[in-house]
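Chain by chain, the residues run as shown.
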Amino acid sequence: MKKLIFLILIFLNVSSYSQTIIPDISARVDTSKTAIKQVYNLYKNYLNSRPDSIYHNPNWNTKEAKQYLKGKVFRIDRSAIQMFSYYDSKTYFSYYKPKILQIDSIGSNRYQIKTIFAKECPDTDYKTFTPDCITKLYAVRDDKGLFKLENVISYDTRNWKTFKFKFITYKVHPNSVFNKKEAVKASSFCEKISKQFNITIEPFTYYILPNSDEMGKLYNYEYWLSYLGGQTLNPFKEIYTTYGNASYPHEFVHLLFPLPKDNISFCPMIINEGLATWLAGPSMTETFEHALTETSKTFQSKEKISLEDIMTFKLRNEFDNSILYVTGGVICKLVYEKHGVEGIWELYNSTDKNFKFVLEKLFGVPYDNLEKYVIEYIRDFEKPN
Ligand SMILES: [Zn+2]
């Protein structure tokens, strides 16, 4: 689903407890003003009403909530999609305590709320992991005069240049440039994949951004510690790139292949990323063959390798997920060579539960044997000099 450039997972040593979260405020937040106090209360209520859950939070703009919850895959708040990937909100807030830095009027009936999430006295080991982020949300009065929260993306991109090219709507950051030649390449790649796998292309939006911080802003982050280089949000039919490019084949694969019908039974990450890696390389800048060569060298330096260690990230490179992506890519390649497009669909429709069984069926051998075969294929790919 996404390319994590940098993944940090720290182990929060806290126990979950039910307690009202009362965000601190900086000296800049003047709650003696009625509107500011209302916005403060709205935000406090939001933090205390399960922001980690996928549901229509009563503190959120209704129209936006309906639009975001269509697929029931993501939370309404774009920053919450990433913030609560590993911890529920209570655990997260008990470690990273929210402190509101600013609540300011920035337009007619529109206020911004900026909040820092930081640990007050971190253990020495975790000092560099705090603050985790600074978020920005909008509070906007609805037609009844009540403040409701909003993501920043619609308002903050309202003046951006927009280009339509076939089924792609490009939204271009003011510091980025739209390249039409790349857009031609982009649509040709999508059409090729659509034909090869018999997929109908649905129109989508593609955000061209100059760097990761500008992407963070569209996800309601003024600062983020764990950042992304590019991402596809398939339920929203959106692609983000921080490389300023108008063609991003790896992400197109993620966007074109459909979500599971129940929006729950996703295929294992090794297949989802493996498929995009086999068809378009692991990232914007690297081909599948090059990544396979590098992974081959890594495998040659290791004694024991298992698919389990790869899938649980016990075996990984320090700064990227290439080993998982390439191994998945090789599985897709081998299955395609044996069963063609049908084999790829069987892999893509597998789940964590039946994954081993599907692999055994497609390779026609017990799991241990196919595991050995895949690992040896990668190890032997680059012949040592
Ligand atoms: Zn990916």
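Every value quoted in this text rests on a predicted model; they were computed, and no experiment measured them.

Asks: Is there a simple way to explain the overall build of the protein in this structure?
Replies: The secondary structure content of the protein amounts to 14 helices and 12 strands. Its C-alpha atoms give the protein a radius of gyration of 23 Å, near enough to 21 Å, the size a compact globule of 385 residues would have. Projected onto its principal axes, the C-alpha coordinates of the protein cover approximately 70 × 50 × 40 Å. Burial status across the protein gives 36% buried among its 385 residues.

Asks: What exactly am I supposed to notice about the domain arrangement of the protein here?
Replies: It is common to report an interface's size as the accessible area lost on association of the parts. Segmenting the protein into domains produces domain 1 (13-152), domain 2 (157-260) and domain 3 (265-385). Its C-alpha centre places domain 1 at a distance of 27 Å from the equivalent point of domain 2. Facing the 17 residues of domain 1 at the interface are 11 residues of domain 2. Taken together, the elements giving at least two residues each to the side of domain 1 that touches domain 2 come down to α3 (78-83) and β5 (133-141). With five residues, the top contributor of residues to the side of domain 1 that touches domain 2 is β5. Taken together, the residues that form the side of domain 1 that touches domain 2 break down as seven nonpolar, five polar and five charged.

Asks: For this particular structure, what's the right way to read the pairing of strand β4 (residues 110-118)?
Replies: If a strand is regular, its side chains alternate between the two faces of the sheet. Looking at chain direction, strand β3 (residues 97-107) and β4 are connected through nine bridges and run antiparallel. Bridging across to β4, Lys 97 finds its partner in Ala 118. Hairpin geometry of β3 and β4 is characterised by an intervening segment of two residues between the two adjacent antiparallel strands and by a positive phi of about 60° at Asn 109. Direction of pairing for β4 relative to β5: antiparallel, over a ladder of eight bridges. The residue of β5 that forms the bridge with Gln 112 is Tyr 138.

Asks: In this structure, what is going on with the environment of Ile 239? I would like to understand it.
Replies: Tracing the chain through its elements places Ile 239 in strand β12 (residues 238-241). A tally of 24 C-beta atoms within 10 Å means that Ile 239 is categorised as buried. Those residues in contact with Ile 239 that sit more than four places away from it in its chain are Phe 204, Tyr 206, Tyr 207, Thr 232, Tyr 248, Glu 251 and Leu 255.

Asks: What's the story with helix α12 (residues 322-348) in this structure? I'm lost.
Replies: A turn of α-helix holds 3.6 residues, and therefore any two residues three or four places apart point the same way. Look at α12: only 19 Å from first C-alpha to last across 27 residues, short of the 39 Å you get at 1.5 Å a residue. Where α12 bends most, the angle comes to about 130°, and this point is His 339.

Asks: How should the confidence of the model for the protein be read in this particular structure?
Replies: For any part of a model where pLDDT is low, the fine detail of the predicted coordinates should not be relied upon. In the predicted model, the protein carries a mean pLDDT of 93, and 95% of its residues have values of at least 70. In this model, residues 1-8 is a region of pLDDT below 50 whose contacts with residues beyond four sequence positions or in other chains number 23 contacts.

Asks: Whenever I open this one, the nonpolar core confuses me. Can you help?
Replies: Nonpolar side chains tend to gather and get buried jointly when the protein is soluble and globular. Counting residues in each nonpolar core, the largest one holds 66 residues, and the members touching the most others are Val 253, Leu 275 and Leu 347. The greatest single-element share of this core, amounting to 10 residues, is contributed by α12. The residues touching Val 253, leaving out its near neighbours within four places in the chain, are Ile 193, Leu 275, Ala 276, Leu 279 and Ala 280. Formed by 20 residues, the second largest nonpolar core is a distinct cluster that contains Val 39, Tyr 43, Ile 103 and Leu 149.

Asks: Sorry if this is basic, but what is going on with unusual backbone geometry here?
Replies: Peptide bonds are trans in most cases, and residues, glycine excluded, mostly fall at negative phi. Looking along the chain, the bond that leaves Thr 130 and enters Pro 131 is cis, with omega of 0°. With respect to the helices and strands, the residue Pro 131 is situated in the loop between β4 and β5. Its identity as a non-glycine residue notwithstanding, Arg 50 has a phi of 50°, on the positive side. Counting through the fold element by element, Arg 50 comes out in the loop between α1 (34-47) and α2 (62-68).

Asks: What is the right way to look at the environment of Thr 293 in this model?
Replies: Locating Thr 293 in the fold gives a position in helix α10 (residues 288-300). Here Thr 293 is in contact with Phe 381 and Glu 382, once residues within four sequence places are set aside.

Asks: Mind showing me how you'd approach α1 here?
Replies: Helix length check: α1 (14 residues) gives 20 Å between terminal C-alpha atoms against 20 Å at 1.5 Å per residue, within 8%. The inward-facing, buried residues of α1 abut β3, β4, β5 and β6 (147-150).

Parameters at a glance
Starting from 1, residues in each chain are numbered consecutively following that chain's sequence as written. Per-residue local features of the predicted model are confined to residues with pLDDT of at least 70, and side-chain atom pairs are confined, for both listing and counting, to 80 or more; whole-chain, interface and lining totals are unaffected and use all residues. Labels follow the DSSP assignment, with helices taken as runs of H or I lasting at least four residues and strands as runs of E lasting at least two, numbered in each case from the N terminus. Here the globule rule is a power law, 2.2 Å times the number of residues to the power 0.38, and the radius of gyration is based on C-alpha atoms. Comment: burial labels come from other C-beta atoms within 10 Å of the residue's own C-beta, placed from the backbone, where a count of 20 or more is buried, 12 or fewer is exposed, and between is partly exposed. In this entry, domain limits derive from an automatic or database-based domain assignment. Contact between two residues is assigned whenever their backbone-derived C-beta positions fall within 7 Å. Charged means Asp, Glu, Lys or Arg here, nonpolar means Ala, Val, Leu, Ile, Met, Phe, Trp, Tyr, Cys or Pro, and polar covers whatever is left, Gly included. In short, DSSP must find at least two bridges between two strands for them to pair. Expected span of a helix: the number of residues minus one, times 1.5 Å. Bend is the name given here to the angle between axes fitted to two runs of seven residues, the run ending at a residue and the run starting at it. For every residue, the predictor reports its confidence as pLDDT, a number between 0 and 100. A set of buried Ala, Val, Leu, Ile, Met, Phe, Trp, Tyr and Cys residues, joined through C-beta atoms within 7 Å, is what we mean by a nonpolar core.

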